[in-house]
Each structure stands twice: as C-alpha cells, then as structure tokens.
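Chain and residue survey
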Amino acid sequence: MPNEFAKGRRTSLFAIFAALVVAMLFSPMADAQAQTPDTFAKLQTTLDQIVATFSGQASVEFRDLSSDEVVAYSNSADMPAASTIKIPVMVEVFRQIAAGELHLRDQVQLRSDDKDKGSGMLAYMKSGSKYSIQYLLTVMITVSDNTATNMLIRVAGLDNINNTMESLGLTHTKLADFVHTDTVTGDVRLLRSSAEDMTTLLTMMYKGTLVDSASSSAMLDILSKQKHNGLIPRPLPKGLRIAHKTGTLNDTLNDVGIVFVKQHPYVLAVMTTGLSKGERAELIHNISRAVYVSETASAPTTVDKSRPKLHSASRETVRVARR
C-alpha cells in the first residue's frame, strides 16, 4: 500500500505540474513582450530618427492599445486628410443609423454632381442609378470610391459630420467641401485632420465606444477588408489583421489603422505631405516596420511583397448587383 500511495501521489503531482505548464504556455501573457517605459522611449528615438531622414512634413501617432502608451511626432499638426477623411464620413453614417435616421438598406440615387473620377468606378455609372448605403460604405472604404463618398456626405450632411467630429473632441478633423480631385471643381486639401485625431477615433472604435459597440464592430469589419494594402501592411506579415484606411493624392500620402498584433494591438496613424514621390511610401514602411518590431520584439518573418495598390480598383472588384 505505501508504494501504491507514493506512486499515486507522484502521479497527482505530475498532473498538477503538467497542468501548470499548459496554463503558462497558453496564458495570455505567456508569449507577450514585457512592455516598459524604456520600450516606448526607444521607439520614440527610432521614430524621431526615421522622420529626420526625410524631407517634407510628417505627422505620426502610435498608441499601444494594451497600455494606452503614446509615441508621437508632430501628432497634432493640421494635415491634408485625403481619403482618410472617409472614416469620419463612415462614423457619421453609422451614428445616424444607430439613431434610426438612416438604414443600411436605404437606397441612394447617384447624381451627376456626386461623380469624381479620382478613385472608384461609380463615377462611370449612369446617373439615376441607386445603391444601398451598405454598398456605398463598403466601396468608400475598401476601394476608396470618391463618388460613393460624395453620395454619403450628401445623405449624412457635411455639417453633421463636422459637428460629430467636434463633439468627439477632434479639433483638426473637418470637411470644408465634398471630394473633388480635379482642382477646377474643388480643393481636396480642404479635407483636414491630424494623426492625433485619427488615432483617437480608431481607439474609440477598438474599444467599442464609437457610436456603440455594434457600430464600432461593423466599422472595424469594413476597414479590415481594405484593398489598398501598400503602406502600413506592406512590411508586415501576411495574414495579420489590419483595419485601416489610406489616403493619397499628389504629394499627400497617409495611412491610419489598427494592427491586431497578439497581446499588443496598436493604432498607427502616419500622415505625410510635401515629400518627394519616391520617399513617401518608404517613410510609412519604415515607421510601420519599426513599430511592429517594438511591439513584438521580432522582425517580420513573412513580408507581403505584392505590388502596392493605392489608387482605383478594377471594375471586377467593385461590381455588385444593384438593389
């Protein structure tokens, strides 16, 4: 009996030890990098060094969503938003949907003055055609359709979008016009924001407090289906979920989004203007890579080498049945 008891006791202790090992291995903190103030101080130094090597103007903000630590460079600078302004448009549409003023199935008629050929295929469709708000939201974000954006601005109301952004404390985010990429009709530089504003907006979305939890989740889902992945995602591993929106026109190149790194998801907003054509994408790539390395303590192992897609998508990408 004593031998059997000792054997049973050893078996029990082994089982307990094995359970502890398994718990440690699968614990949320098991593979997490320990983030310290020094981690973010080093990232700040790296960020400053990267931006210093480029010409033009850059506005950058990084926020670690597990700690709310912020690393920034001129993050409150008033910058041309380009197509990143489509996130505020989406927010206001979802706010009105939550309030019962709009519905995803509502049909919006395409007008000739909605059309802008800078990005997307709706500009080439017949005036009078009708599209659901759900479809317009999708193509506005995923393929950056400017005409869809103008249709949604018209439905939601330009002043309403600006008032909602102001109520959220976003002091630099403002639409002074619809989206007109030809300088004869309008000036897209009147669409303004800052890296700080965009990071604030996306942080609220991540936390489920932007409009409400369901709306925040729906907006993240749309942003995660982004087709233009040549900037923040380019140096990062394939398969990594990134909910983001690019913005590009002439000397302006922006990308803002949430990178869902395990244990340390983060928001990154990089807005640039006045840089030479060759260095704009490189600046965003370098910053994105540095932040990822800081958050994971490892270099990307699988890099997306696909050709950047920063402009209009193909007709096949955006073709859907009209409702």
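The notes below deal with the structure included here. (Residues numbered from 1 in each chain as written. Predicted model: local features only at pLDDT ≥ 70, side-chain atom pairs only at ≥ 80, totals over all residues. Heavy atoms only, no water.)

**A few points about the overall build of the protein chain**
To be explicit about the condition: Runs of E in the DSSP output that reach at least two residues are strands. Runs of H or I that reach at least four are helices, and both are numbered from the N terminus. We call a residue buried when its accessible area falls under 20% of the maximum for its residue type, exposed when it is over 50%, and partly exposed in between, using a 1.4 Å probe and counting protein chains only. Should any heavy atoms of two residues lie within 4.5 Å, those residues are considered in contact.
Of the regular secondary structure elements, the protein chain holds 10 helices and 10 strands. Within the span of the protein chain, comprising 323 residues, buried residues form 49% of the whole. If you take every contact in the protein chain between residues at least 6 apart in sequence, the share linking residues at least 24 apart comes to 65%.

**Considerations on the sheet that holds strand E6 (residues 174–175)**
What counts is decided by this rule: Strands are labelled as partners when DSSP assigns at least two bridges between them.
Taking strand neighbours across the sheet as the criterion, the three strands line up as E3-E7-E6 in an open arrangement whose pairing is antiparallel. Strand pairing shows two members of the sheet lacking a second neighbour, strand E3 (79–80) and E6, which therefore form its edges. With two bridges connecting them, E6 and strand E7 (residues 191–193) associate as antiparallel partners. In the sheet register, Leu175 faces E7, and the bridge partner there is Leu191.

**Considerations on the pairing of strand E1 (residues 57–64)**
Successive residues of a regular strand alternate their side chains across the two faces of the sheet. For E1, the buried fraction is high: seven of the eight residues fall into the buried class. One ladder, built from four bridges, connects E1 with strand E2 (residues 70–73); its direction is antiparallel. Bridged to Phe62 within E2 is Val71. Hairpin connection between E1 and E2: a loop of five residues separates the two successive antiparallel strands, and Asp68 in this loop has a positive phi of roughly 65°.

**A few points about the pattern of salt bridges**
Test applied: By definition, a salt bridge exists where a carboxyl oxygen of Asp or Glu is found within 4 Å of a side-chain nitrogen of Lys or Arg.
Within the structure shown, the criterion is met by nine salt bridges. A salt bridge links Arg63 to Asp68; its shortest N-O distance comes to 3.8 Å. The shortest N-O distance in the salt bridge between Arg154 and Asp114 comes to 2.7 Å. Of the two residues, Arg154 is situated in helix H5 (residues 146–156) and Asp114 in the loop between strand E4 (107–109) and strand E5 (130–132); the sequence distance between them amounts to 40 residues. Note on Asp114: relative accessible area 2%, which makes it buried. Ionic contacts of the salt-bridge type, sharing partners, join the residues Glu61, Arg63, Asp68 and Lys207 into one network.

**Focus on the environment of Pro37**
With respect to the helices, strands and loops of the structure, Pro37 is situated in helix H2 (residues 37–52). On a C-alpha basis, the gap between Pro37 and Glu69 in space is 8.6 Å, while along the polypeptide they are 32 residues apart.

**Regarding the packing of aromatic side chains**
Quick note on the threshold: Only rings of Phe, Tyr and Trp enter the pairing, Trp through its six-membered ring, and a pair is recorded when the two centres are within 6.5 Å. The plane angle decides the type: under 30 degrees is stacked, over 60 is edge-to-face, the rest tilted. Put simply, a charge is over a ring when the Lys NZ or the Arg CZ is close to the ring centre, within 6 Å, and near the line of the ring normal, within 35 degrees.
Tallied over the full model, the rule gives four aromatic pairs. Note on Tyr131 and Tyr135: the rings are 5.5 Å apart at their centroids and 25° apart in plane angle, and the pair reads as stacked. Look at Tyr135 and you get buried, because its relative accessible area is 13%. Relative to Phe260, the ring of Tyr206 lies with its centre 6.1 Å away and its plane at 45°, an arrangement referred to as tilted. Placement of Tyr206 in helix H7 (residues 195–207) and of Phe260 in the loop between strand E9 (252–259) and strand E10 (266–273) is noted, with a sequence separation of 54 residues between them. By relative accessible area, Tyr206 is classed as partly exposed at 31%. Taking the relative accessible area as the measure of exposure, Phe260 reaches 22% and is therefore partly exposed. An aromatic cluster of at least three residues, connected via ring pairs, comprises Phe40, Phe62 and Tyr266. We note Arg241 situated over the ring of Phe260; from NZ or CZ to the ring centre the distance is 4.4 Å.

**Thoughts on the sheet that holds E10**
Rule in force here: In this description, a line fitted to the C-alpha atoms serves as the axis of each element, helices being fitted only across the stretch in contact, and the angle between N-to-C directions of two axes falls anywhere from 0 to 180 degrees.
If you walk across this open sheet you meet the five strands as E2-E1-E10-E9-E8, and the pairing is antiparallel. Among the strands making up the open sheet, the edge pair consists of E2 and strand E8 (242–249). On average, each strand axis in the sheet is tilted by 0° relative to the strand beside it, whichever way the strands run. Bridge count between E1 and E10: eight bridges; the pairing is antiparallel. Counterpart to Ser59 in the pairing with E10 is Met271. Against the sheet, helix H8 (residues 213–223) contacts E8 and E9, and its axis sits at roughly 60° relative to E8.

**A few points about the side chain of His264**
What counts here: For the purposes of these results, a polar contact is taken to be a pair of N or O atoms within 3.5 Å, where, inside protein, one atom must be able to donate a hydrogen and its partner to accept one; residues adjacent in sequence count only when each atom of the pair is a side-chain atom.
Inspection of the secondary structure puts His264 in the loop between E9 and E10. With a relative accessible area of 7%, His264 lands in the buried category. In this structure the side chain of His264 is engaged in a polar contact, spanning 3.0 Å, whose partner is the side chain of Ser66.

**Observations regarding the nonpolar core**
Short version of the rule: Nine residue types can take part in a nonpolar core, namely buried Ala, Val, Leu, Ile, Met, Phe, Trp, Tyr and Cys, and a core is a set of them joined through side-chain atoms within 4.5 Å.
Met90, Leu136, Leu137 and Met205 are the most contacted members of the largest nonpolar core, which has 54 residues in total. At the level of secondary structure, the elements contributing two or more residues to this core comprise helix H3 (86–98), helix H4 (133–142), H5, helix H6 (158–167), H7, H8, E9 and E10. Leave out the neighbours within four places in its chain, and Met205 touches Ile87, Met90, Leu210, Ser216, Met219, Leu220 and Leu223. Counting residues in each nonpolar core, the second largest holds 27 residues, with Ile232, Ile242, Leu253 and Ala290 among its members.

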